[in-house]
Amino acid sequence: MENNTPQRRPRVLSAIQPTAIPTIGNYLGALRNWKAMSDDYDCVYAVADLHAITVRQDPATLRRQTLEAFALLLSIGLDPEKNVIFIQSHVNTHSQLAWILDCYTQFGEASRMTQFKDKSQKHADNVNVGLFTYPVLMAADILLYQANFVPIGADQKQHLEITRDIAERFNGIYGNTFTIPEAFIGKVGARVMSLQNPTQKMSKSDPNPKASVSILDTPDAIMKKFKSAVTDSEAVVRYGEGKDGINNLMSIYSCCTGKSFEEIENEFAGKGYGDFKVSVAEAVIEELTPVRERFNERITDKAYLMECAAKGADMAQRISQRTLDKVMRKVGFLQK
Ligand code: TYM
């Protein structure tokens, strides 16, 4: 017999911090998948400004970058009518659920987070409690929306694991409350490396401007950065051990062109790294040009952006409030 009951499409949630203009690492590791999933899933995407203040931010810069990050989400092709796109601090349920989940997270498990260890070293003068509970806020972001899938780069995998542990623990005590989310990590592009030190992840906060390519870099700048990318002395385009620079360029090229590593090796057989680097840069430029053009247009219309953000926040509030109400009942808070 045919079942005519409309089924909710699986839900996707992800977020990005507005700490700088995103890099091609953010784009290839996460944002591109956000867009790809937006056709088939019920998607909720946030600009994670609450997470951003775990590191000291200049208020005016944070405001500007939050609006830019929001404009960028619209510029990668996400339709604000079909997806819920919002700014995390506009929706109060995130902080509220994070506090409750803090009480269901062990000090020991939060201490094991490698990103906390890395960031505490990098910002040794400001190892604040928010930096420590950062993954719990991330768990709240995800669990509030009963997300099935979370498209992220490889560096966020451990945070997804702790989210699952917290959700399972809560469900174990109070009965089924949260959907247990799964990470969606692409096969290529999940860990784009620095162009200057290819054993390190490409990061928005890298002080060396040649190390990372921003989504909004001009074609000229992109070409220059790829031309000066660190490689090796073998002069053979092949994927292999000890070839971190070339492996990274091959992954970026593969993401932008859809070609397999084998196809790329054949394409550049007998050619030097110079040719290869130019081709990688051209592929990246082609991928990013429409995003940059749309962004330059959108960012000038603040009224439109703020209207979209307000609509997104209303929808996000409505969806997440349902989960928060359920959690508050379950833990035993007296209802108003
Ligand atoms: P953030 O802002 O550091 O990065 C946004 C997304 O980009 C991915 N990414 C990368 N992927 C491949 N190669 C790289 N070099 C690279 N650098 C970054 C990240 O894995 C991420 O998917 N904590 C999160 C934001 C967040 C979140 C959430 C994510 C807050 N709440 C809930 C998912 C679900 C973060 O700082 O991402």
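Residues numbered from 1 in each chain as written. Predicted model: local features only at pLDDT ≥ 70, side-chain atom pairs only at ≥ 80, totals over all residues. Heavy atoms only, no water.

Student: Give me the lowdown on helix α13 (residues 302-331), citing residues and values where you can.
Tutor: With 30 residues, α13 extends 41 Å from end C-alpha to end C-alpha; this agrees with the ideal 44 Å at 1.5 Å per step. Of all the bends in α13, the greatest measures close to 30 degrees and is centred on Gln-321. Leu-305, Cys-308, Ala-309, Gly-312, Ala-313, Ala-316, Ile-319, Ser-320, Thr-323, Leu-324 and Val-327 are the residues of α13 that are buried. Looking one or two places after α13, you find Gly-332, whose phi comes out positive at around 105 degrees. (Helix = DSSP H or I, 4+ residues; strand = E, 2+ residues; numbered from the N terminus. Expected span 1.5 Å × (residues − 1). Bend = angle between axes of the 7 residues up to and from the residue. Buried < 20%, exposed > 50% of the residue type's maximum accessible area, 1.4 Å probe, protein only.)

Student: I'd like a description of the site of the ligand, backed by residues and values.
Tutor: Of all residues adjacent to the ligand, which total 27 residues, the nearest are Gln-17, Tyr-134, Asp-141, Asp-155 and Val-192. Gln-17 is positioned with one of its side-chain polar atoms (N or O) 2.8 Å from an oxygen atom of the ligand. Within the complex, 96% of the 710 Å² of free accessible area of the ligand lies under protein. Classifying every residue of the shell around the ligand by side-chain character gives 13 nonpolar, 9 polar and 5 charged. (Near = heavy atom within 4 Å. Polar contact = N/O pair within 3.5 Å; in protein donor to acceptor, adjacent residues only side chain to side chain. Areas by Shrake-Rupley, 256 points an atom, 1.4 Å probe, with all protein chains shown as cover. Nonpolar A, V, L, I, M, F, W, Y, C, P; charged D, E, K, R; others polar.)

Student: I'd like to hear about the domain arrangement of the chain, residue by residue, with values.
Tutor: Looking at the assigned domains, one finds that the chain contains domain 1 (11-189 + 301-331) and domain 2 (219-295). A separation of 31 Å is found between the C-alpha centroids of domain 1 and domain 2. Between domain 1 and domain 2, the contact holds 12 residues from the first and 12 residues from the second. At the boundary of domain 1 with domain 2, total buried surface from both sides reaches about 1100 Å², with 74% on carbon and sulfur atoms. Of all residues in domain 1, Ile-24, Ser-75 and Val-188 bury the most surface against domain 2, accounting for 44% of the area lost on that side. Here domain 1 and domain 2 share 1 salt bridge between them. In this structure, Arg-32 engages Glu-287 in a salt bridge whose closest nitrogen and oxygen atoms are separated by 3.7 Å. (Domains from an automatic or database assignment. Contact = heavy atoms within 4.5 Å. Buried area = accessible area lost by both parts, 1.4 Å probe. Salt bridge = Lys/Arg side-chain N within 4 Å of Asp/Glu carboxyl O.)

Student: Talk me through the pattern of salt bridges; I want residue IDs and the actual numbers.
Tutor: In this structure the tally under the stated criterion is 13 salt bridges. A salt bridge links Lys-201 to Asp-155; the nearest nitrogen and oxygen atoms lie 2.9 Å apart. Here the residue Lys-201 occupies a position in the loop between β5 (182-184) and α9 (219-227), and Asp-155 occupies one in the loop between β4 (149-151) and α8 (157-174), the gap between them amounting to 46 residues. Here Arg-238 makes a salt bridge to Glu-234, at a shortest N to O gap of 3.1 Å. What makes Glu-234 partly exposed here is its relative accessible area of 37%. Residues joined in a network through salt bridges with shared partners are Asp-232, Glu-234, Arg-238 and Lys-243.

Student: Give me the lowdown on the environment of Val-129, citing residues and values where you can.
Tutor: Tracing the sequence through the fold places Val-129 in helix α7 (residues 129-144). Judged by relative accessible area, which is 62%, Val-129 ranks as exposed. The spacing of Val-129 and Gln-196 is 67 residues in sequence and 32 Å in space, taken between C-alpha atoms.

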